Amino acid sequence: MKHRLIWLLLFVLIVGLPTLATDSDGDGLEDSDEVVLLTDPSNPDSDGDGLGDGVEYFELFTDPLSADSDGDGVLDGDDPFPQSLDYRDLYDVTTVSPSLHEEEGGQKLVQQVVVKVGDVITIDWIAHLREFVLAGAEIEMSRDFIDPAGHDWTAPGYYAIDEESQIAEIVLPTSAGVFRGEIPWLSPAITPSDWPYFLLSKELQIGRTYQFYIFSHELLAWGEDPFFTVTSEVLAIEMLPIDLKLGRREYDVYVVESVWEHVAFSDPYFRLFFGDTPRMTVRAYFTVDHNVLLRYRTPYFRVTPVKSVGFSDFFVVW
Ligand SMILES: [Ca+2]
Ligand SMILES: [Ca+2]
Ligand SMILES: [Ca+2]
Ligand SMILES: [Ca+2]
């Protein structure tokens, strides 16, 4: 008995306590981690979407237990943008969840704006996005300000852009009524929430600069010039610590800074915030190895049932 104890003591001293760090299915997650994440320790692809459990969890930030993390009908393994992006502003009043998927005739972008509890605006764009340049779109806007369980108000609209004359014919449903007009169309132009996706479709390199226009239909409804000129530059590679369920990890990220410039706002409300020549700087972070959009801050418009529109900062949460 005494001898056994001495041998055990010697074993522990020399070999150390036996560890259980095994990755039975070789997917990059240890068996004990898979117990925490509820994934299958004997199946390297628990949800059968073509992506390994470890790659989903540590590298792509998709759900290893959902074959279609962003619910857009495309399996994670086939989806160029498989993440669901929920982002909320600093005042925690607005959440926007854009999702993008292929449809016949183009890509469909669905954005949901939750202004506060029960107040929902859904914008369905059936858009022909060519490399994220909005070339023309049909939109349907629904508002649920009064009754969250059903649409209080739904109205269709569209942008039809004549490539030769660069004139856009626009019919835009707003809370104040329907806006109809023709405006000179600056190309390439993308919508405010598309700019990180636009950059995601590019090969990022430090020092590289991209220029484009951001078209904001909210400004149009407010009688302002609807375009911002944007210069995006890939500034540097930085370490970004992220808290995951399995502890804190650091990631190499590209830092992309975008400067949005507007000619001038005539509306006194905007001038109060931005002065005569508004200029905003917004940032995005993309992982270096997989070009995954991790986080971005962007000014955006808060849409409310009454006539008040403002900018706020958004953080992406995951
Ligand atoms: Ca495993
Ligand atoms: Ca597994
Ligand atoms: Ca998977
Ligand atoms: Ca998945």
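Residues numbered from 1 in each chain as written. Chains lettered and ligands numbered in written order. Predicted model: local features only at pLDDT ≥ 70, side-chain atom pairs only at ≥ 80, totals over all residues.

Undergrad: Which residues make up the overall build of the protein chain, and what values go with them?
TA: If you tally the helices and strands in the protein chain, you get 6 helices and 17 strands. A total of 318 residues make up the protein chain; the buried ones form 31% of that total. Across the protein chain, contacts joining residues at least 24 apart in sequence account for 40% of those joining residues at least 6 apart. (Helix = DSSP H or I, 4+ residues; strand = E, 2+ residues; numbered from the N terminus. Buried ≥ 20, exposed ≤ 12 C-beta atoms within 10 Å, placed from the backbone. Contact = placed C-beta atoms within 7 Å.)

Undergrad: Explain the pairing of strand S9 (residues 177-184) residue by residue, including any values.
TA: Counting buried residues along S9, only 0 of its 8 residues qualify, which leaves the element largely exposed. Bridging between strand S8 (residues 167-174) and S9 involves 8 bridges; their strand directions are antiparallel. Along S9, the bridge assignment pairs Leu-172 with Phe-179. (Pairing = 2+ DSSP bridges.)

Undergrad: Before we move on, can you summarise the nonpolar core with the specific residues and values?
TA: In terms of nonpolar packing, the biggest core is built from 45 residues, with Leu-134, Ala-189, Ile-190, Ile-214, Ala-284 and Phe-286 touching the most fellow members. When we break this core down by domain, the ones giving at least three residues each are domain 1 (21-80) and domain 2 (85-317). Discounting chain neighbours no more than four positions away, the residues touching Ala-284 are Pro-196, Leu-199, Val-256, Leu-293 and Tyr-296. (Core = buried A, V, L, I, M, F, W, Y, C linked by C-beta atoms within 7 Å. Domains from an automatic or database assignment.)

Undergrad: Kindly report on helix H3 (residues 53-60), identifying the contributing residues and their values.
TA: Those residues of H3 that fall on the buried side of the exposure criterion are Asp-53, Gly-54, Glu-56, Tyr-57 and Leu-60. Those residues of H3 that are buried lie in contact with helix H2 (31-37). Just past H3, the residue Phe-61 takes up positive phi, approximately 60 degrees.

Undergrad: Go over the environment of Thr-231 with me, naming the residues and quoting the values.
TA: With respect to the helices and strands, the residue Thr-231 is situated in strand S12 (residues 227-244). Thr-231 sits in the partly exposed class, given 13 other C-beta atoms within 10 Å. Here the alpha-carbon distance between Thr-231 and Gln-211, two residues 20 residues apart in the chain, equals 4.6 Å. Those residues in contact with Thr-231 that sit more than four places away from it in its chain are Thr-209, Gln-211, Ser-258 and Val-259.

Undergrad: Account for unusual backbone geometry, with residues named and values stated.
TA: Unlike most non-glycine residues, Leu-38 shows phi in positive territory, near 70 degrees. Here Leu-38 shows up in the loop between H2 and H3. Residue Leu-38 is classed as exposed on the basis of its 9 C-beta neighbours within 10 Å. Within the chain, Gln-166 stands out as a residue other than glycine whose phi angle is a positive 55 degrees. With respect to the helices and strands, the residue Gln-166 is situated in the loop between strand S7 (153-162) and S8. A tally of 12 C-beta atoms within 10 Å means that Gln-166 is categorised as exposed.

Undergrad: Describe the sheet that holds strand S14 (residues 279-287), naming the residues involved and giving the relevant values.
TA: Pairing between the strands of a sheet is mediated by backbone hydrogen bonds and can be parallel or antiparallel. Reading across the sheet, the 6 strands line up as S10-S11-S12-S13-S14-S15 and stay open at both edges, with mixed pairing between neighbours. Among the strands making up the open sheet, the edge pair consists of strand S10 (189-190) and strand S15 (293-297). Judged from the 15 bridges that link them, S12 and strand S13 (residues 247-261) form a sheet pairing that is antiparallel. Looking at the pairing, Ile-242 lines up with Arg-249 of S13.

Undergrad: Can you lay out the environment of Ile-161 for me, pointing to particular residues and giving the numbers?
TA: Counting through the fold element by element, Ile-161 comes out in strand S7. According to the C-beta neighbour criterion, Ile-161 is partly exposed, with 19 such atoms within 10 Å.

Undergrad: Can you tell me about the environment of Asn-291, naming the residues and giving the values?
TA: Mapped onto the elements of the fold, Asn-291 is located in the loop between S14 and S15. When the 14 C-beta atoms within 10 Å are taken as the criterion, Asn-291 is described as partly exposed. Each C-alpha atom of the pair Asn-291 and Lys-202 lies 9.4 Å from the other, and the pair is 89 residues apart in sequence. Sequence-distant contacts of Asn-291, that is, excluding residues within four places in its chain, are made with Leu-200, Leu-204 and Phe-286.

Undergrad: Now, about the pairing of S8: what can you tell me, with residues and values included?
TA: Here S7 pairs with S8 via 5 bridges, running antiparallel. Counted as the bridge partner of Tyr-159 is Ile-170 from S8. Taken together, S7 and the strand that follows it, S8, pair antiparallel across an intervening segment of 4 residues, in which Gln-166 is found at a positive phi of about 55 degrees.

Undergrad: Residues and numbers for the confidence of the model for the protein chain, please.
TA: When pLDDT is averaged along the protein chain, the result is 81; 79% of the residues meet or exceed 70. Per-element mean pLDDT across the protein chain ranges from 56 in strand S17 (residues 309-317) up to 96 in H2. (pLDDT = per-residue confidence, 0-100.)

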